[in-house]
There are 6 protein chains.
Amino acid sequence: MINPNSNAVVTEGLRQALLPLSFAEGPEIVCESLPDGPPGIETQAHVDGVALPLRRRIEAADDADAFVIACYSDPGLHVAREGTAKPVFGIAECGVLTALTRADRFGVIAIKSASIPRHIRYLRQMGLLERLAGERPLEMSVAESASGEGTLARMIEVGTQLKERDGAGVIVMGCAGMARHRRLLEDALGVPVIDPTQAAVAMAVGTVSVA
Amino acid sequence: MINPNSNAVVTEGLRQALLPLSFAEGPEIVCESLPDGPPGIETQAHVDGVALPLRRRIEAADDADAFVIACYSDPGLHVAREGTAKPVFGIAECGVLTALTRADRFGVIAIKSASIPRHIRYLRQMGLLERLAGERPLEMSVAESASGEGTLARMIEVGTQLKERDGAGVIVMGCAGMARHRRLLEDALGVPVIDPTQAAVAMAVGTVSVA
Amino acid sequence: MINPNSNAVVTEGLRQALLPLSFAEGPEIVCESLPDGPPGIETQAHVDGVALPLRRRIEAADDADAFVIACYSDPGLHVAREGTAKPVFGIAECGVLTALTRADRFGVIAIKSASIPRHIRYLRQMGLLERLAGERPLEMSVAESASGEGTLARMIEVGTQLKERDGAGVIVMGCAGMARHRRLLEDALGVPVIDPTQAAVAMAVGTVSVA
Amino acid sequence: MINPNSNAVVTEGLRQALLPLSFAEGPEIVCESLPDGPPGIETQAHVDGVALPLRRRIEAADDADAFVIACYSDPGLHVAREGTAKPVFGIAECGVLTALTRADRFGVIAIKSASIPRHIRYLRQMGLLERLAGERPLEMSVAESASGEGTLARMIEVGTQLKERDGAGVIVMGCAGMARHRRLLEDALGVPVIDPTQAAVAMAVGTVSVA
Amino acid sequence: MINPNSNAVVTEGLRQALLPLSFAEGPEIVCESLPDGPPGIETQAHVDGVALPLRRRIEAADDADAFVIACYSDPGLHVAREGTAKPVFGIAECGVLTALTRADRFGVIAIKSASIPRHIRYLRQMGLLERLAGERPLEMSVAESASGEGTLARMIEVGTQLKERDGAGVIVMGCAGMARHRRLLEDALGVPVIDPTQAAVAMAVGTVSVA
Amino acid sequence: MINPNSNAVVTEGLRQALLPLSFAEGPEIVCESLPDGPPGIETQAHVDGVALPLRRRIEAADDADAFVIACYSDPGLHVAREGTAKPVFGIAECGVLTALTRADRFGVIAIKSASIPRHIRYLRQMGLLERLAGERPLEMSVAESASGEGTLARMIEVGTQLKERDGAGVIVMGCAGMARHRRLLEDALGVPVIDPTQAAVAMAVGTVSVA
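Model, not experiment: these values are computed from the prediction. (Residues numbered from 1 in each chain as written. Chains lettered and ligands numbered in written order. Predicted model: local features only at pLDDT ≥ 70, side-chain atom pairs only at ≥ 80, totals over all residues. Heavy atoms only, no water.)

1. Section: the overall build of chain A
Step number 1: When helices and strands are tallied, chain A shows ten helices and eight strands.
Step number 2: Computed over the C-alpha atoms, the radius of gyration of chain A is 16 Å, within 12% of the 17 Å expected from 2.2 N^0.38 for a compact globule of 211 residues.
Step number 3: Principal-axis analysis of the C-alpha atoms places the extent of chain A at approximately 45 × 35 × 35 Å.
Step number 4: Of the contacts made within chain A by residues no fewer than 6 positions apart, 65% connect residues no fewer than 24 positions apart.
Step number 5: Charged side chains in chain A number 20 positive and 26 negative. The centres of these two groups are separated by 5 Å. (Helix = DSSP H or I, 4+ residues; strand = E, 2+ residues; numbered from the N terminus. Rg over C-alpha atoms; globule rule 2.2 N^0.38 Å. Contact = heavy atoms within 4.5 Å. Lys, Arg positive; Asp, Glu negative; His and termini not counted. Charge placed at Lys NZ, Arg CZ, Asp CG, Glu CD.)

2. So, the interface of chain C and chain E
How big an interface is tends to be reported as the loss of accessible area on association of its parts.
Step number 1: The partner chain E presents five residues to the four residues of chain C that form the contact.
Step number 2: Roughly 410 Å² is buried in total at the junction of chain C and chain E, and carbon and sulfur atoms are behind 47% of that figure.
Step number 3: For the chain C face of the interface with chain E, the top three residues by lost area are Asp104(C), Arg105(C) and Glu130(C), together amounting to 90%.
Step number 4: Across the pair Asp104(C) and Arg124(E) runs a salt bridge, and its minimum N-O distance is 2.9 Å. (Buried area = accessible area lost by both parts, 1.4 Å probe. Salt bridge = Lys/Arg side-chain N within 4 Å of Asp/Glu carboxyl O.)

3. Description of the pattern of salt bridges
Step number 1: If you walk through the whole model with that rule in mind, you get 54 salt bridges over all chains.
Step number 2: Two residues, Glu32(D) and Arg57(D), come together in a salt bridge whose shortest N-O distance is 2.4 Å. Taken together, the positions of Glu32(D) in strand E2 (residues 32–33) and Arg57(D) in helix H3 (residues 51–60) put the pair 25 residues apart, joining distant regions of the chain.
Step number 3: One salt bridge connects Arg182(F) with Glu186(F), and the closest N-O pair in it is separated by 2.8 Å. Note that Arg182(F) and Glu186(F) are positioned in helix H9 (residues 182–189) at a spacing of four residues, about one turn of the helix.

4. Some thoughts on the relation of the copies chain A and chain B
Step number 1: Its rotation angle being 180°, the transformation that places chain A on chain B also includes 0.0 Å of axial translation and leaves an RMSD of 0.0 Å. On this basis, the relationship between the two copies can be described by a two-fold rotation axis.
Step number 2: The residues that chain A uses at the interface reappear at the interface of chain B in 100% of cases, marking a shared surface. (Least-squares fit on C-alpha atoms with pLDDT ≥ 70 in both.)

Rendered as structure tokens:
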């Protein structure tokens, strides 16, 4: 699992979130930051800027059997796939696909509204717009959402709107580093909540194990 | 994992196929047949006939944390989900969704052409038709496809047509009991091949592990 | 016409609603309840539970030339079609298709919000979501909606929202037993209102007559 | 029922085809030609040329309760609807919608290939392209298809391609005046065949009867 | 450029709006009214009534290399294309297509709500509904919107709703004669605003220049 | 107009192809290569590799009012748009949108089959797949297609298949440097042929001129 930003605290949080998928005889899950990544991925420039560094890291990783790119914009996903015959998973793609197994229509909690057009465009690219109930923003910075005490309360507020106004039967957390809120949010909303990084790593573990 | 038919040989084959996903500290994977199921699921009557028995089995299974219905028609999926708050996975749904992580458009190998309209209708229900490259039949009975020596050769023939004529970048085996051919078919075709039962159980293992 | 529930009062109401389609030299319209049906169809378990009984009833009906399944969830539609070469009509399908002849986008009045995801999934299966303006619930039980005096008033309220907020140019009453409100609702809303049972029986009468 | 061309022989053929839908106590079915229509509708200019004459005829018909425009291009359908509060049915629309009640995907037999782009555009306008299996032309003139002895044989040939190569489960005859071939074609193909004029008039009879 | 209504003031306004596209060595842009057109195009009858007159005008114009039909309902577009091998552009089509180059989802400002179902149907015909954020009406007559002082203020109000509530990243002015508000509206909203007549003529100028 | 590869011969060819759009009083069209671009854009790595260099070039171009990225993969389009308030046009986007003004369904001539999945994914992202008749490859290298004598003959062969087998009513040349074949190909096929660079620059000229 590669965190495309260089923030080691985020990477450590992701590592913690993935411990439940790390089985003794199962595939080893290695979590690393992208050294030359930005502190956070918030713009299209950040997304495109890490694409080739991610590919190079993946091409060089002779000892890995599959890769997970842990940013909800799935930066570099297609270029990385071009560079290796091994499976490469994006957390947005896997988070949404996993949500489709839990209810007919899904909602997405975005960090900021500025990301929503990019996400909608990506869902259309995947051909999945007919399953989208809605996407709504927390309107926090990534930093705020990571540290702020009010994050869970705001997620519950936004998730409730997605469920009650938009008809979402399952919620995808549209960011890599929020796994610690997953269960509490699920309990508060009464519908399944998907952490996309866990979803992607679960699919990677499965793919590698049966190969 | 519940095989909705009563054929214990098929269930044993599925159990073998799932051994790679059975980790010592991971979720225990229990494979069982549906005692009152038909010998095979080949018609809509078979599909609808096992729906409520599957739901009853699932409602009664206090000791399971998630369920996989192991038939490529996903019988009883929605009625089972209505009967439990636990996750229920269908192998057709999970097989196709997993395929979407490996290429832009997928092909499906059906056992018989008579199933294809049912599958197309189901893909449209899931909102995924724009990603379908094509579906082509082996035109074998389930029994033939299970036992016959020519099955792999015929799968390679059909898979090649899906890849070369239809533009499929990944192949889904549209049947529960074909996992033993997966790797050979993948090697022959040069594109990823998804066994839907393995795909569904991998998603179930992941979901249970992070809950 | 088979009412999949066992409620003879509902069946008698349907029979009354179909009298205008019963012509002396036209096809005879026989209305019956499904003896082993539940009192009402409100859940997926009810839907799936009547599928095979409906098919068996249809397979046994040597003297009928076409069948109408009179429940807005179209239970058993596909399995019944598999069991007979004669035409089988579902009222949800026919109600919506008939609505498409009256305006560009249609609205649906559901009895309860819990049915809406099932209806949306079914509209997607039919490939008709682009024509849906919206679906809104009365939020009444089937019993209340059948007997309550406030039903028409509530239907006008919900129908007005579908027309004015969602842009529906025609309304489908999303339940089998509401034909007696059709004309009053149409007059109040100023747009066509479709009773799905009448729509389906009209299509069945036509199909049988020209065969 | 208005035949938008001025060919009285065609109109008389349509009248014959509609006799089975003319019930003593049912709505009277009056068939007429459009006096100022062209001999046949083969081009977009023909289609657009009859739109306002059709509307004027419909606005003037005080004694009719519903209208059917009997040309597979549905000329003037929307402008006629604007001009009256009474229902107006187009045979292409009704033929396709009726086909959707008989199988998952439909095929269309066109008279000439030049009409196919216009039909595809119209199916997209209706939002029904996902249900189209294919459209194939007889490549005959309307005159040939009306009189020629080889018409049925050619329809069987084209219908067989729609069924076997394109996967059509039901066939729509894409022309107003072919009802006399309907049953023979259905018997030859083994799938339902829809005559669009009969389909539209059946829906009109139903709508008028329950109003 | 043909203004399908007979209002010379509107035509003169369009001519003014197109001056920036009239280059000395570029294609000459000739603006004319349709003499037998109505004073304004507000209904389907207006739309269909000018179709053949437009075609005849276009067929007779031996000295023109391309045509623009300057009404947001694109009257006669397909019948005109049938009548000439030269390119014919509709301003609704070109306005929307040009908008797609500026943002992921577009909003449309309609003059009156009565036009919206017609516009939605047309966008579905073009296969572009997935890119529509929303359409909202000024609810003015064409005359009011042309002369009234409050038009720009109302456009800003409606445009703001399209941007903020519906998520439009670009706005199309859904009428031929509003070019003089384009820049002011764009400045007020902070997103691109497309005048459809300018968009269509720009595409025509390009097509003619490279032919 | 920026050619994202560093091949000055290609850029000079593009400059020639754009001369007809360069009007004395119109916007000046400046054509340049991307100095740090690869010799040609053939892979996803090439596409992603030029994204940020294109953005930086565009951000630095204070004297330009609009930008055209002249590669049929539209590299860097979204990241460039994020970096400037000025319009940025991609030739694939504009080529396809311009084609939609000429016929109902378009075909694309690709240089190599390996690009087709990338193009299909992009068309789905734009929401335009319902208008695609088909895409077929020349199966030549960019170098061959640029220099080879057989290029036009092969384009006619592939274009004929798109027209006759796939039903394309207009053809898009899926590469930046083929404008010199446009008219000959159009004459041979009898349907419009779009050069995407000319299409994009025409839209840019129009946008700048009316701003």
